[in-house]
Amino acid sequence: MAKKPPIAPPSADATEDEGIQPAKPARFHGAALAGASFDDVDLRDARLHNASLAGAELDDVDLRDARLHNVSLAEAELDDVDLRNARLHNATLAGASLDDISLAGAHFNDADAAATRWSDASLRRARFEGSDLREVEIVGCAIDGLTIDGVRIDRLLEEAKDRSRASQAPKKATQKEAPLKKPRKGRKP
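Every chain's residues receive numbers from 1 upward, in the order its sequence appears when written. Selection of residues for local features in this predicted model requires a pLDDT of at least 70, selection of side-chain atom pairs for listing and counting requires 80 or more, and totals for whole chains, interfaces and linings are taken over all residues. Heavy atoms from the whole structure form the basis of all side-chain values; hydrogens and water molecules are not counted.

Caption draft 1: Representation of the pattern of salt bridges in the model. Salt-bridge detection follows one rule: a side-chain nitrogen of Lys or Arg within 4 Å of a carboxyl oxygen of Asp or Glu. The full count for this structure, using the stated rule, is twelve salt bridges. A salt bridge links Asp82 to Arg84; the nearest nitrogen and oxygen atoms lie 2.5 Å apart. Assessed through its relative accessible area of 34%, Arg84 is described here as partly exposed. Across the pair Arg165 and Asp162 runs a salt bridge whose closest N-O atoms are separated by 2.9 Å. Working definition: with a 1.4 Å probe on protein chains only, accessible area under 20% of the residue-type maximum means buried, over 50% means exposed, and in between means partly exposed.

As structure tokens, then:
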């Protein structure tokens, strides 16, 4: 049997002329991808449902506008991952490491992110509802607008820093103490 020639990507003209539709978003339903490695992958608008990516390595992965429902990313390594405007419902990130990641506008609902470490992450307009954030370590992250249970965390941190600075400032004497006068003998005060 003769070998088929490789299929060349369609040109821009062919796409318009032949009415070729853009690829549909990737769907992973019930996928067992524990320990998998994703490098330089475009998964924009992907749908992951009942999938396990526990211990997986995601490097330079685009998951903008993705929907992750009942997904495990426990102990996963996420580096340079874009989750802008993603929706994570009942997702497990426990023990994961998130470095150079964008969660801007992401919405976490009933997510387990306990004991995760986030460094150089953008959390602008991110929302966490009913999520476990115990023992989360956040280092060098942009958190403008980060809201947890209706509380703006960036404002809360700024207030705490202001109080800390105020308590560390040297205390100034409010008034000079006048020396005590001794009453003279024989005179009644």
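Caption draft 2: Expanded view of empty space enclosed by the protein. With a 1 Å grid spanning the protein atoms alone, the term cavity applies to any set of points in which a 1.4 Å probe fits but cannot get out, the term pocket to an open set with protein on both sides within 12 Å along at least five of seven lines, and the term lining residue to any residue with an atom within 4 Å of a point. Grid points are joined across faces, edges and corners, and a volume is the space filled by probe spheres set on the points. For the structure shown, the criterion picks out one cavity of 30 Å³ or more. Counted as a void, the largest cavity has a volume near 80 Å³. Per-class residue counts for the lining of the largest cavity are ten nonpolar, no polar and no charged. Following the grouping adopted for this structure description, the nonpolar residues are Ala, Val, Leu, Ile, Met, Phe, Trp, Tyr, Cys and Pro, the charged ones are Asp, Glu, Lys and Arg, and the polar ones are all others, Gly among them.

Caption draft 3: The arrangement of the sheet that holds strand β8 (residues 97–102) in detail. Being paired, for any two strands, means DSSP has found at least two bridges between them. Runs of H or I in DSSP of at least four residues are treated as helices and runs of E of at least two as strands, each being numbered from the N terminus. On the basis of which strands lie adjacent, the open sheet formed by six strands has the order β2-β4-β6-β8-β10-β12 and parallel pairing. Unpaired on one side and paired on the other, β2 (37–42) and β12 (137–139) mark the two borders of the sheet. On average, each strand axis in the sheet is tilted by 10 degrees relative to the strand beside it, whichever way the strands run. When strand β6 (residues 77–82) meets β8, the two strands line up parallel, connected through four bridges. Bridge pairing links Leu78 to Leu98 in β8. Fitting a line to C-alpha atoms yields each axis, with helices limited to the stretch in contact; the angle taken between N-to-C directions then spans 0 to 180 degrees.

Any link to function would need more than the numbers given here.
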